[in-house]
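Report on the structure
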Amino acid sequence: MKFLRDTWLVFQRQMQLLLRNPVWVAVGIIQPLFYLLLFAPLMKKALSGGQPISDELAYQIFVPGMLVMVALFSAFSGFGIIAELRAGVIERNRVTPVSRVALLLGRSLRDVVQLLFQAVLVTLLAVPFGLRVAVGDALLAYLLIGLMTLLLSSTGYALGLTLRSEDAMAPMLNTVIQPIMLLAGIFLPLTLAPAWLQNVAKANPFKWATDGVRALFAGHPGDDAVWQALAVLTPLTVLALLISSRTFAKSVR
Amino acid sequence: MIIETSGLRKSFRSRAGRESKTVEAVRGVDLSVAEGEIFGFLGPNGAGKTTTLRMLATLLEPDGGTAVIAGADLRKEPGEVRRRIGYVAQGGSTWDESTGREELVLHARMYGIGKADAQRRAAEALDTFELAEYADRRCKTYSGGQRRRVDIALGIIHSPKVVFLDEPTTGLDPQSRAHMWGEVRKLREMGMTVFLTTHYLDEADALCDRLAIMDNGQIVAEGTPADLKQEVLGDVVSVNAREVAKAADLFDNAEYVRKVETTEQSLRLYVEDGASAIPHVLRTLDAEGVAIEGIELHRPSLDDVFLAKTGRSLRES
Ligand SMILES: Nc1ncnc2c1ncn2[C@@H]1O[C@H](COP(=O)(O)OP(=O)(O)OP(=O)(O)O)[C@@H](O)[C@H]1O
Ligand SMILES: [Mg+2]
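Everything in this summary refers to the structure shown in the same document. All figures in this text were calculated on a predicted structure; none of them were measured in a lab. (Residues numbered from 1 in each chain as written. Chains lettered and ligands numbered in written order. Predicted model: local features only at pLDDT ≥ 70, side-chain atom pairs only at ≥ 80, totals over all residues. Heavy atoms only, no water.)

Here's the deal with the nonpolar core
With 78 residues, the main nonpolar core has I69, F164, L165, L187 and F195 of chain B as its most contacted residues. With residues up to four places along the chain from it excluded, the contact list for F195 of chain B reads I3, L31, V33, F39, F41, L53, L56, V163, F164 and L165 of chain B. V10, L72, V122 and A240 of chain A belong to the second largest nonpolar core, which has 65 residues in total. (Core = buried A, V, L, I, M, F, W, Y, C linked by side-chain atoms within 4.5 Å. Buried < 20%, exposed > 50% of the residue type's maximum accessible area, 1.4 Å probe, protein only. Contact = heavy atoms within 4.5 Å.)

Describing the coordination of the magnesium ion (ligand 2)
Residues and elements named next belong to chain B. At 1.8 to 2.2 Å from the magnesium ion (ligand 2) lie its protein donor atoms, namely T50 (OG1) and Q90 (OE1). Here Q90 lies in the loop between β6 (85-88) and α3 (100-110) and T50 lies in helix α1 (residues 49-56), a separation of 40 residues in the sequence. The buried category is assigned to T50, whose relative accessible area is 15%. (Donors = N, O, S within 2.8 Å, 3.2 Å for Na, K, Ca; no water. Helix = DSSP H or I, 4+ residues; strand = E, 2+ residues; numbered from the N terminus.)

Quick look at the pairing of strand β13 (residues 266-271) of chain B
Residue and element names in this part refer to chain B. The element β13 is largely enclosed, with a buried count of 5 among its 6 residues. Two elements, strand β11 (residues 235-241) and β13, share 6 bridges in a ladder whose sense is antiparallel. In the strand pairing of β13, V237 is matched with L269. Here 5 bridges tie strand β12 (residues 257-262) to β13, and the two strands are oriented antiparallel to one another. The partner of V260 across the bridge, within β13, is L269. Counting the residues that bridge the hairpin from β12 to β13 gives 3 residues. (Pairing = 2+ DSSP bridges.)

Observations concerning the interface of chain B and chain A
With 27 residues of chain B at the interface, the matching set in chain A holds 26 residues. Where chain B abuts chain A, roughly 2500 Å² becomes buried across the two surfaces, and 54% of that area is made up of carbon and sulfur atoms. When residues of chain B are sorted by the area they lose upon contact with chain A, L59, W95 and M110 of chain B head the list and together hold 28% of the total. For E103 of chain B, the salt bridge identified is with R13 of chain A, shortest N-O distance 2.3 Å. Put simply, chain B and chain A have 12 residue pairs in polar contact (both at pLDDT 80 or more) between them. (Buried area = accessible area lost by both parts, 1.4 Å probe. Salt bridge = Lys/Arg side-chain N within 4 Å of Asp/Glu carboxyl O. Polar contact = N/O pair within 3.5 Å; in protein donor to acceptor, adjacent residues only side chain to side chain.)

Thoughts on the packing of helix α4 (residues 77-87) of chain A against helix α8 (residues 166-182) of chain A
Residues and elements named next belong to chain A. At their nearest, the axes of α4 and α8 sit 10 Å apart, and the two run at 170 degrees to each other. One finds that α4 runs roughly antiparallel with respect to α8. Contact with α4, carried on its side by G78, F79, I82 and R86, involves E166, M169, A170 and L173 of α8 and no other residues of that element. (Axes fitted to C-alpha atoms, helices over the stretch in contact; angles between N-to-C directions. Parallel < 35°, antiparallel > 145°, perpendicular 65-115°, else oblique.)

Let's talk about the environment of E97 of chain B
Looking at where E97 of chain B falls in the secondary structure, it is placed in the loop between β6 and α3. Sequence separation between E97 of chain B and D136 of chain B is 39 residues; the distance between their C-alpha atoms is 11 Å. The contact partners of E97 of chain B, leaving out residues within four places of it in the chain, are L17 and R20 of chain A together with R138 and K140 of chain B. A polar contact is formed between the side chain of E97 of chain B and the side chain of R138 of chain B, at a distance of 3.0 Å.

Below, the structure written as structure tokens:
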């Protein structure tokens, strides 16, 4: 099928370029290490209100938050697309009969692969600190994280193609991502928040994602939070893919 | 005709501060380009050349008008148009971190060409454009000329019927430009129709079989370079002589002279065809015993054509 072949073509190219410049692997290891070493011990105390809790429990709460955070950053994909736009690569792609959805999806799937690699790394790094999680639960959690990445990176591409300037993109992303991060309960679960804040957070799809991933890491795949996360993320992801592939199809200068 | 357009229009809304202004970039372009020719679009900055090309290449939706390219209707079957054309953007299209060969193979494959075939085509194109030596180096290490050659190679990798080249030689040194002209002629030899834009007069003159002069979103003249120049003024024979006034009188009634102009030392005769006029001029002057110090044939340039059509010189704008 042409669409699948085209997607594979774009994906392959993007992967090739990604692997050519493996700085991101180092960054992907070092960043989570900072959080695990410098922030997790502090949070462990804070979570327990002074009472000691087990390492296992602390990391089951902390690691999912970190995974969601890393996934949120995939919205920065927009910067890469602006560089491609400027180099004329997007226009060169658009002048061929290649599928417009493939132009988007090939790129977003690259982001998903990159992110899942990072997610596995974060999980593995947390094991020596005391994290315990069943493989099946982790895989389901990765599915949620992967969906999030697809959603955010394709939104990032649409934004980049629409704004066409890093200067417009940076403040925009920062402004949007900050409240999303704070309202997702990434570092501290929102159960600690006052009721009004919890209600506001319900409007944040990534709060549902965080809850879902946490439930899985806690070993409760049957928890409502899991299917709720899927139900929130799936339609949003489809919508984002549709809108973004339209921006790829539309005239872009 | 491999390209036929009629009434192609495009305007842009642009914002300057608070105000929103409409720029009429292309205002009704009618063109026909014959198969196998090098067709040139000559015009100053902002004339609307790129906008027209981007519309023809399906990158920009026209506000109005129609176009048929290589038998496919631009509006009804853009996908088919894409398959039949190649397009090389004014600003280039290579990615710094890829090699020339990778770019060529990928681009060919985006046209649905299989892997082995794509690799063969890439190798061929690298040879044709004398890029083999740099093929496996990253594009960021290429010189401007090498990069431009990769751009052109990308545009023709799938053997399109028509290739659009937006300013193929801008930014190249004189030697690379001459080289590029050779390469563009090669494309014609391969059977492609080449549609290029330029704002170099010499390039339009030397390279194009036919051209259209564009100004301010409209085509102001169209034809072969020779015809365009002929139509406007014809040739100029200028004669240096001491007795200019006396000499001028001799040509007042000459049939082959369209117009006579005099300056202090020289006489300028506008004639249809300079080469056949010179013997007549010499005979007439000799018969009356006018001593001449020099005679020169000046063929009008495309700039003269532009001047005649728009009232401005292309060199100044
Ligand atoms: N996306 C756009 N938004 C607003 N105005 C535009 C846009 N694209 C082109 N224009 C305007 O349309 C006019 C024609 O531009 P175009 O790029 O077609 O000119 P050109 O003949 O290719 O010039 P050059 O020789 O400088 O490349 C210009 O006034 C330009 O500013
Ligand atoms: Mg231009």
